[in-house]
Amino acid sequence: MTDKINIAIYWGAGCGGCDVALLDIDEKILGLGEMANIVFWPIAVDGKTKDVEAMPDKSIVATLYNGAIRNSENEHMAKLLRQKSLLMVSFGSCACYGGIPGLGNVTNRKGIMDLVYTQLPTSDNVEKVFPQIITHTKDGEIDLPEMYDTVKTLDQCIDVDYYMPGCPPTTNLINEFLGVVEKHVKEGAPLPPKGAMIASNKTLCDECKRKKSVKKLDHIYSPHEIAIDQEKCMLEQGIICLGSSTRAGCGAKCLEGNQPCRGCMGPTAEVLDQGGSMLSALASVLKVDDKEALLNENDIAELMAQVKDPLGTFYCYTLPKSIIKRKVTERKPFKKEA
Amino acid sequence: MSSDQAVHAEPKAAESGEFEPKLIVFCCNWCSYAGADLAGVSRLQMPTNFRVIRTMCSARVDPEFVLRAFANGADGVLILGCHPADCHYIGGNYRTRRRIALLRVLLEQYGFNPDRLRLEWVSASEGQKFQKTIKEFNEVVKEMGPNPINDE
Amino acid sequence: MSEKTGSVLVVGGGIGGVQTALDLAESGFKVYLTERKPSIGGVMAQLDKTFPTNDCSMCILSPKLVEAARHPMITMMTLTEVMSIEGEAPNFTVTLKKHPRYVREDRCVGCGLCAEKCPSKVSSEYEVGMMQRKAIFVPYAQAVPMKYSIDASNCLWLTKQRCGNCKKVCPADAIDYEQKEVIEKVHVGSVVLAPGFEPFDPTVKREYGYGEFKNVVTSLEFERILSATGPYQGHVVRPTDHKTPKKVAFIQCVGSRDEKVGNPYCSSVCCMYALKQAIIAKEHTAGFEPHIFFMDIRAFGKEFEDYRARAENEYGIKLYRGTRVASVDEDPESKNLTLRYSVGSDVSEQEFDLVILSVGLEPTKSAKEISDRLGVQLNPYGFCQTTVYNPLETNRPGIYVTGAFSSPKDIPTTVAEASGAAAKAGKHVFENRISIDDVVKETVETDVKGQEARIGVFVCDCGINIAATVNVPSVVEYVKTLPNVVFAEENKYTCSADSQELIKKKIKEHSLNRVVVASCTPRTHEALFQSTIKEAGLNQFLFEMANIRDQCSWIHMHEPEKATQKAKDLVRMAVAKSRFLEPLSKSRLGVTHSAIVVGGGLAGMTAALDMAAQDFNVDLVERSDKLGGLALNLMTPEGGISPSKYIADLIEKVKADDHITIRLNSTIADVAGFVGNYKVKVKTPEGEKEIETGAIVVATGGQEYKPKEYMYGVEKNVVTQNELEDKLANGRFDSKKVVMIQCVGSRNKDVPYCSRVCCSKALKNAIEIKKKHPKTEVYVYHKDIRSYGFRELLYKEAGELGVKFIRFPEDKDPVLSKDGAVLKLVAHDQILGEDILVKPDLVVLSTGTRPNPDNEELAKMVKVPLSKDGYFLEAHMKLRPVDFATNGVYLCGLAHWPKFMDETIAQASGAAARAMTIISKEFLETQGIIAAVNEDVCDGCGVCEPVCEYRAITIVGSDSNDPSKLKAVVNEGLCMGCGTCVAACPSGALEQKGFKTSQILAQIDSALEGGAK
């Protein structure tokens, strides 16, 4: 069929879950096959970089890029595919926000290498051998992609047309997007505006079925510390749930599984920094009572210390997309507060 | 009383190359902004390197504002509000201090010296405390050196 | 004319008259505000700072003047004299004489070209003769109205038909030499007289050398010397050599407490203003060493005693207690001045560089004229005659008085009284109230939606307040380079009336859709500029201020370059925010036309009756089982009537008034709602009642201190003043030697404040004893005798009747002991310098006043603060003495501060008037700066709901088909616009109008421009 469109699917720094999610659309995958030639999909179809390089510019109608930009190969492929594609879709949380690989921004390349190659209990590396970008062997040079200090989102590296967050994006969202593309291909229906987010505009609370009453917390618990009421708002039970600061579209699946939202869908369009926003919300609903005026700043610090790891909790999926983006290093050491 | 000092507090000519921090100061409209005004009315002299942003209540200061200031290179952020129990909006400042306490932990996780963010209470009648707070905070931040955001 | 009129005449455009006019206007009455001078503002406009807050006088006054001038219900008539008032309330016919200005007000733009070219120089009244003005002039830079006038007796054209320069140069063709006096008649229902006072002219006190020695100046002259706009630009220098004086003497009571000049009364304000001047001068002048010579320091007002203590202890100002200065002599060489003064019988001399005469307050020169023309009685000292129980009333029904015309008083008392007079005057005209909508046609608002920002920036010199430090022209040039700025200019005073016209003109000329003013603080001036741009058709919220004075030029005085850079940054930040500003609308809310008064004492009953008199229903809530309060215990007559008798009559009046519902044994349990629409839960013996009300008056009174000192409660011959009054009134007094001890429970370590009334109360009772029992010896032991105002005459009378006064030191209280049956009092006499022993048979303790312990509970419910001493704290000590920061809640009586009955009555009327500015309105407008929900994003997560202290947010269903879909709703009437919920909102659905995230981020980014990234 000559009127089939070309589609590419690629993974950067990710776990492969996004690729699997594409296969999870069941029989709809057949429709995709009818509509499109899959010209590049390393996880499923054989293909080489040079094949892509050989394609004419803009010959791919849409590339679904999942995974973050962690190394030079991720970056090179993102740029290459951008050049060859009409539409670039940032597919999944890692591409959109950095995702779990983005948590690497609490350290840097050296930190990660040291940890993985020398400090893990399972590492047995007395010679302290580390992967090198270029290794000279007697058979010649072999090279590895260069790992960066900082994980970036796809749109921090190339121009992106659409975003589909989720870890991984749910079947519904994928189908919705494929439907739009199909309509465009078959009927010439207009595409969404550039920059569109293939998800809801509201937050997860909109999709969550749990009952809400008054948000005044006495105490913060980890999910394992209490028996979680299936019916009641997770946050109101004292469990940090990022649902109220997270974009809807996933169908609140974690909540259905009686687990709090961790924020993989990222913030709404109105919020710059998902973590900062949730931090503020959580701090605001910790109860204020009559004795508040008597509390001193240490009491308050102690109260807030119930939140064990604010960075890891509030930026679990969005650190590279946050305002600060990554860990910094003060020139002068400072005393950690007790 | 430092009234005479106030008049004679000749500025130390900033030695060339000396690090002069950039400070962002959020003031609530009712207490701290009025306190800052009072410092002016009383002609209390202080370093010039801070910029005040007025909000109605310190509780309007979204952690995002603080993060944005640091991302843009602020060397210190000072949030000033009404004293506990004196908030014009009853309990806004209580929310502020919870947020700031948690935000300081977060900043430390980010690798910042958390003392780059300070919360102080300055009432409408505390022009002197405003002056003192600015002077002290300036010294503290000067000692820390520049915001490391540019270093990476 | 027999037709009733809803108009009131207010005579005098000082702060008192202006406040009365504003309160009446805000209550729906038309006001004619007349002023003899070419501009309003009175003496307050001449002051540099005000005590005890050291606020800049002009800065707090000017917005009020501008508001009065632009109020649609107020007709301002300057250069106007009242010739006669005929008829009776509410049908007065007033004859006014309007003197020619020789400048057409409708044409003059206040450009000042005329004055520049005028060859005739005369000494400036505003600058008390220390500077010159021209024959065509405005009295001062921020004068309202900003219209020039010609002083006919000094104009060459009007006297000799020569010159005519002003007419030649006037670009607006405003000069009109042909103007004549105009007689005009207006019909009003009532009249308020507020002609103010004159400072005493010390020329007659030849011993002080005023007029002869140039370095002897009056306090008003010194006020101008201190002022940045004054003759020396705020540098404290002495007139002869323009050198900074080091040693400076303030001589108190010049023209006060002085029978030789005919002013036996105390002027009430001089002690405090001298302390203020000493503090301000010392703050600005290196090595300034003030010495104040006085008899008693009269720091009786709210937080005045703290101010006194700071002056003495922190600033090291030297106070010479109990001192009379006999003479001042000049060294003809150095022009220094030598003071001869006596403390007790010791005579000393000291040399000073400058001498300031703290001149007293005298009746205005026009007082006699007013009295003759209007048939209003004056007291023997030329002030308007009033009585204890009718402090705001003249002898002529329907004509009221306020401010220093009735007695010397400070600004807050004047302002409270001014409101009180408005309540009284309104009583005659309330049936003809009109709505603002009948007067004002809404200006059509320019729609700026979708327009690119066109920003106009006005940068103020504030005279030299900004311009002396900040290079204003360079700021203006810089601002012009900023994106979207299409117009920028420098103004001498951006707040002046002519600048308002200019701003409006520029908005039109350049199609501005955003205005930024870089000047002082938005806290005092934002409202002024907002109404200006509103008049030009711009939504008032398309306005932003940069504070380059209070928070820049004033705090970086020695760093002009950095201050200039900072000013540029601050303006750039304001411009950045202004790009994101949006027009905001205010909605109208209904008003409950009734009030609740909390407290059934003198203050509460007075306020209730004043509101009832204008047809408003009032719930009077009293916690005890009877009305009357503390005044029930006051027996010794004042003005021939005992307070307890007056109170009894008042209770009958209250009971007889159908408008007033008395609720005894009742307390406030909860206050919900907001200004105009409060819901107050009252705990009554019949159970809890919810009362809807528009305003709340807090009149909960105070308590008498129950002494633990001086064997009180143990020794039966130690009593309080109230117990003495009871003895005197009921014939149970038979003592031969009475000792009164002042400041029992006041002015000590625990309670540093002065309870204000105890001195005069002691005097009153001492006189009563002497009159009834002339042989009884009476001793009054005191730190200072604080019988201010006409109460000084009690002091004099007591002295004449043989009462003996012994001054003991601040830190050394008398010691009372008992030897057998004999009481022994040992005290250190400061004048004699030795301990003296008296054996009294009755010791009377002048006990202080204490705040109610349950003030805190009520304060929490109505969301208002308490002062550090535990009294309710008003919105502004100077100009909002009966208001709270919480709108719709007002304050009077001892709940505010200890005070006398006449003061309480006037203040209670003031609180009533302020409450009536709310409950008389058909509607109130909501605030523009409130939280708003973006319903596209909000899912009703509920984080905001408990965060709101005003319960303004509720979570409701958003989809009638799906009950699980929720959203947050903001009640616009309840929202106070703090923004707490906005920062808490995790989804970004909440925004604070006027402080949107995008706006604040723009400021942050702009502040750090050139920083990282």
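What counts, and where the lines are drawn
- Residues numbered from 1 in each chain as written.
- Chains lettered and ligands numbered in written order.
- Predicted model: local features only at pLDDT ≥ 70, side-chain atom pairs only at ≥ 80, totals over all residues.
- Heavy atoms only, no water.
- Helix = DSSP H or I, 4+ residues; strand = E, 2+ residues; numbered from the N terminus.
- Contact = heavy atoms within 4.5 Å.
- Areas by Shrake-Rupley, 256 points an atom, 1.4 Å probe, with all protein chains shown as cover.
- Lys, Arg positive; Asp, Glu negative; His and termini not counted.
- Charge placed at Lys NZ, Arg CZ, Asp CG, Glu CD.
- Buried area = accessible area lost by both parts, 1.4 Å probe.
- Salt bridge = Lys/Arg side-chain N within 4 Å of Asp/Glu carboxyl O.
- Polar contact = N/O pair within 3.5 Å; in protein donor to acceptor, adjacent residues only side chain to side chain.
- Pairing = 2+ DSSP bridges.
- Axes fitted to C-alpha atoms, helices over the stretch in contact; angles between N-to-C directions.
- pLDDT = per-residue confidence, 0-100.
- Buried < 20%, exposed > 50% of the residue type's maximum accessible area, 1.4 Å probe, protein only.
- Right-handed = clockwise from strand over helix to strand, strands pointing away.
- Core = buried A, V, L, I, M, F, W, Y, C linked by side-chain atoms within 4.5 Å.
- Domains from an automatic or database assignment.

K.L.:
When you look at the overall build of chain A in this model, what are you seeing that I'm missing?
P.N.:
From N to C terminus, chain A includes twelve helices and nine strands. Principal-axis analysis of the C-alpha atoms gives chain A an extent of 75 × 60 × 30 Å. The contacts in chain A between residues at least 6 apart in sequence include a share of 73% that link residues at least 24 apart. Taken as a whole, chain A presents about 16,500 Å² of accessible surface, with 54% of it coming from carbon and sulfur. Between the mean site of the 39 positive side-chain charges and the mean site of the 45 negative ones, chain A shows a separation of 3 Å.

K.L.:
Would you explain the interface of chain A and chain B in this entry?
P.N.:
In many analyses, interface size is given as the accessible surface area lost on bringing the parts together. Each partner contributes to the interface: chain A provides 41 residues, whereas chain B provides 36 residues. Taken together, both faces of the contact between chain A and chain B bury some 3,700 Å²; the carbon and sulfur share is 58%. Where chain A meets chain B, there are five salt bridges. Notably, a salt bridge pairs R97 of chain B with E297 of chain A, separated by 3.2 Å at the nearest N-O pair. On inspection of chain A and its partner chain B, the count reaches 17 residue pairs in polar contact (both at pLDDT 80 or more). Elements supplying a minimum of two residues to the side of chain A that touches chain B: α10 (274–285), α11 (297–304) and α12 (310–314) of chain A. Looking at the side of chain A that touches chain B, the element that brings in the most residues is α10 of chain A, giving six residues.

K.L.:
Mind showing me how you'd approach the sheet that holds strand β30 (residues 594–598) of chain C here?
P.N.:
Within a sheet, neighbouring strands are paired by backbone hydrogen bonds and run either parallel or antiparallel to one another. All names here are of chain C. With respect to topology, five strands assemble into an open sheet ordered β32-β31-β30-β36-β47, the strand pairing being parallel. With one partner strand each, in any of the chains shown, β32 (660–663) and β47 (889–891) form the two edges of the open sheet. Shown here is a sheet whose adjacent strand axes are inclined to one another by a mean of 20°, direction ignored. In terms of strand pairing, strand β36 (residues 695–698) meets β47 through three bridges, oriented parallel.

K.L.:
I would appreciate a short explanation of the confidence of the model for chain C in the present structure.
P.N.:
Do not read the fine detail of predicted coordinates wherever pLDDT is low. In this model, chain C carries an average pLDDT of 93, and 99% of its residues clear a pLDDT of 70 or more. The complex model carries a pTM of 0.76, and its ipTM stands at 0.95.

K.L.:
It is not clear to me how the pairing of strand β4 (residues 117–121) of chain B should be interpreted in this structure. Could you clarify?
P.N.:
The side chains of a regular strand alternate between the sheet's two faces. Residue and element names in this part refer to chain B. When you tally the buried positions in β4, you get four out of five residues, the bulk of the element. Pairing between strand β3 (residues 76–81) and β4: five bridges, direction parallel. Counted as the bridge partner of L78 is R118 from β4. Considered for its hand, the β-α-β crossover made up of β3, helix α4 (residues 92–109) and β4 is right-handed.

K.L.:
Just checking my understanding: could you explain the environment of E535 of chain C for this structure?
P.N.:
All names here are of chain C. Its location among the elements puts E535 in helix α14 (residues 522–535). For E535, a relative accessible area of 33% translates into the label partly exposed. Sequence separation between E535 and E442 is 93 residues; the distance between their C-alpha atoms is 9.2 Å. When sequence neighbours within four positions are dropped, the list of residues in contact with E535 reads R70, T443 and K504.

K.L.:
Could you clarify how one ought to interpret the interface of chain C and chain B in this entry?
P.N.:
Each partner contributes to the interface: chain C provides 60 residues, whereas chain B provides 58 residues. Summing both sides of the interface, chain C and chain B together bury roughly 5,300 Å²; the carbon and sulfur share of this comes to 57%. One can count seven salt bridges joining chain C with chain B. Between E20 of chain B and K562 of chain C there is a salt bridge; the shortest N-O distance is 2.6 Å. Listed by contribution, the elements that provide at least two residues to the side of chain C that touches chain B are α7 (270–284), α14, α15 (549–553), α16 (560–579), α24 (944–947), α25 (980–984), β52 (990–992) and α26 (997–1007) of chain C. Ranked by residues supplied to the side of chain C that touches chain B, first place goes to α26 of chain C with seven residues.

K.L.:
How do you make sense of the confidence of the model for chain A when you look at a structure like this?
P.N.:
On average, chain A scores 93 in pLDDT, and the residues at 70 or more come to 99%. Across chain A, helix α5 (residues 93–97) of chain A holds the top mean pLDDT of 98, while helix α2 (residues 28–35) of chain A sits lowest at 86.

K.L.:
Which parts of the structure should I look at to understand the nonpolar core?
P.N.:
Nonpolar side chains in soluble globular proteins tend to be buried together. Formed by 275 residues in total, the largest nonpolar core has its most connected members in F314 of chain A, F26 and V77 of chain B together with I136, V457, I548 and M611 of chain C. Each of domain 1 (5–101 + 151–197) and domain 3 (204–321) of chain A contributes no fewer than three residues to this core. The contacts of V77 of chain B, once residues within four sequence positions are left out, are I24, F26, V66, A69, F70, R116, L117, R118 and F137 of chain B. In terms of nonpolar packing, the next biggest core, distinct from the first, is built from 54 residues, I251, I279, F304 and Y307 of chain C among them.

K.L.:
When you look at the sheet that holds strand β1 (residues 7–11) of chain C in this model, what are you seeing that I'm missing?
P.N.:
Residues and elements named next belong to chain C. Read from one edge to the other, the open sheet built from five strands follows the order β5-β2-β1-β13-β24, with strand pairing classed as parallel. Each end of this open sheet is capped by a strand with a single partner; those strands are β5 (74–77) and β24 (399–401). Strand-to-strand twist in this sheet, taken as the mean axis angle between neighbours without regard to direction, amounts to 20°. Direction of pairing for β1 relative to strand β13 (residues 190–193): parallel, over a ladder of four bridges. For V10, the partnering residue across the bridge sits in β13 and is V192. The strands touched by helix α1 (residues 15–26) are β1, β2 (30–34), β5 and β13; relative to β2, the strand with the most contacts, the crossing angle is about 165°.

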